[in-house]
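Residue-level listing of the chains:
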Amino acid sequence: MKRLFSTFFVLLLAMGAMAQHGDGLEWHTDLMKAHELSKTSHKPIFGFFTGSDWCGWCHKLERDVFAKPAFVKWAKENVILLELDFPRRKQLSQELQQQNNGLQQAFQVQGYPTIWYFSMTQDAASGKMNINAYGTQGYPAGSEAGKEEVTFLNAGNDIIAKAKADMGKGATEAKPAPKVADKPKAKAGSKK
């Protein structure tokens, strides 16, 4: 029984570093793990500020954009996914709450869902981490129904190009999602 409890505890700890979405994507919850992956892959972090157990617009973004095959392919090729959750009914660890609150304050997030694309660098003199913010998105307002992911990915590609250039990879190395001839005019979503 003691061994079973120990195995269960280890599994809980391992699952704590990953958010569960069931979409085939690797969503991280640990900023430093996402930073290491970002640094080695030269991909920006895709920080998804959400209220997983109460935010209707967050769920809508997940259904209308994140669950689509085009987004899954794009995300795997272009970003490191980081979920920054602010639940009301479930309890996060104290460390995770502090991390998420710190990033919420740093990015001045006031509404959900909000996505920030960023990378981090360490200052050689002070050892402190600096955030390099590239752009933000929310739910793709004004999109044609059923094509929300197109609007979202087109705007995301613009931000990715800026991030790749800043991260030293050059904008031409961004792997864009398919563009459509009738690219919607709305670039950034509203926070609802």
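The structure displayed is predicted, hence computed values, not measured ones. (Residues numbered from 1 in each chain as written. Predicted model: local features only at pLDDT ≥ 70, side-chain atom pairs only at ≥ 80, totals over all residues. Heavy atoms only, no water.)

So, the environment of Gln 137
Our working definition: A run of H or I in DSSP counts as a helix once it spans at least four residues, and a run of E counts as a strand once it spans at least two, with each numbered from the N terminus. To sort residues, take the accessible area from a 1.4 Å probe on protein chains only and compare it with the maximum for the residue type: under 20% means buried, over 50% means exposed, and anything in between is partly exposed.
Relative to the elements of secondary structure, Gln 137 occurs in strand S6 (residues 129–137). Residue classification places Gln 137 among the buried residues on the basis of a relative accessible area of 4%. A sequence separation of 18 residues divides Gln 137 from Ala 155, and the C-alpha atoms of the two residues are 7.9 Å apart.

A word on the state of the cysteines
Quick note on the threshold: In what follows, a disulfide is any cysteine sulfur pair within 2.5 Å.
Considering all chains together, one arrives at 1 disulfide under this definition. The residue that forms a disulfide with Cys 55 is Cys 58, at a sulfur-sulfur distance of 2.3 Å. With the S-S dihedral at roughly 75°, the linkage between Cys 55 and Cys 58 falls on the right-handed side. For Cys 58, a relative accessible area of 0% gives the class buried.

Topic: helix H2 (residues 31–41)
Definition in use: By definition, the arc is the one covered by directions from the helix axis to the C-beta atoms. Contacts between residues were defined by any pair of non-hydrogen atoms, one from each residue, lying within 4.5 Å. We call two N or O atoms a polar contact when they sit within 3.5 Å, provided that within protein one can donate a hydrogen and the other can accept it, with sequence-adjacent residues counted only if both atoms are side-chain atoms.
Among all positions in H2, only Leu 31, Ala 34, His 35 and Ser 38 are buried. The buried side chains of H2 occupy one side of the element, clustering within an arc of 105° when seen end-on. Against the buried residues of H2 lie strand S3 (45–50), strand S4 (80–85), helix H5 (94–107), strand S5 (114–122) and S6. For H2, the capping residue at the N-terminal end is Asp 30, with a side-chain oxygen 2.8 Å from the backbone nitrogen of Met 32. Just past H2, the residue His 42 takes up positive phi, approximately 60°.

With respect to the packing of aromatic side chains
Rules: Only rings of Phe, Tyr and Trp enter the pairing, Trp through its six-membered ring, and a pair is recorded when the two centres are within 6.5 Å. The plane angle decides the type: under 30 degrees is stacked, over 60 is edge-to-face, the rest tilted.
Under the defined criterion, the tally for this structure stands at 21 aromatic pairs. Clustering of aromatic rings is evident, with ring pairs tying together Trp 27, Phe 46, Phe 48, Phe 66, Phe 71, Trp 74, Tyr 117 and Phe 152.

Some remarks on the packing of helix H3 (residues 56–66) against helix H6 (residues 148–166)
For clarity, the cut-off: Axis definition: a line fitted to C-alpha atoms, over the contacting stretch in the case of helices. Angles run 0 to 180 degrees between N-to-C directions. The scheme is simple: roughly parallel for angles under 35 degrees, roughly antiparallel for over 145, roughly perpendicular for 65 to 115, oblique for anything else. Charged residues are taken to be Asp, Glu, Lys and Arg, nonpolar residues to be Ala, Val, Leu, Ile, Met, Phe, Trp, Tyr, Cys and Pro, and polar residues to be all remaining types, Gly included.
Contact pair H3 / H6: the axes reach a minimum separation of 8 Å and the direction vectors enclose 90°. Taken together, the axes of H3 and H6 are roughly perpendicular relative to one another. On H6, the residues touching Leu 61, Asp 64, Val 65 and Phe 66 of H3 are Glu 148, Glu 149 and Phe 152. Its residues assigned to classes, the contact of H3 with H6 comprises 4 nonpolar, no polar and 3 charged.

Some remarks on helix H4 (residues 69–78)
Those residues of H4 not exposed but buried are Phe 71, Val 72, Trp 74, Ala 75 and Asn 78. Elements that come into contact with the buried residues of H4 comprise S3, H3, S4, S5 and H6.

Focus on the pattern of salt bridges
Rule in force here: Salt bridges are identified by distance alone: a Lys or Arg side-chain nitrogen within 4 Å of an Asp or Glu carboxyl oxygen.
Within the structure shown, the criterion is met by 5 salt bridges. Across the salt bridge formed by Lys 39 and Glu 36, the nearest N and O atoms sit 3.7 Å from each other. With Lys 39 and Glu 36 both in helix H2, this residue pair falls 3 residues apart, about one helical turn. Owing to a relative accessible area of 38%, Glu 36 belongs among the partly exposed residues under this scheme. One salt bridge in this structure joins Glu 149 and Lys 68, with 3.5 Å as the shortest N-O distance. Taken as a pair, Glu 149 in helix H6 and Lys 68 in the loop between H3 and H4 lie far apart in primary sequence, 81 residues in all.

So, the confidence of the model for the chain
The cut-off we apply is this: On a scale of 0 to 100, pLDDT captures the predictor's confidence in every residue.
Residues of the chain with pLDDT of at least 70 account for 76%, and the chain-wide mean is 83. Low pLDDT, under 50, characterises residues 1–16; the predicted model gives this stretch 2 contacts beyond four residues in sequence or across chains. Long-range and interchain partners of residues 170–192, a stretch whose pLDDT sits below 50, account for 47 contacts in this model, where long-range means more than four residues apart.

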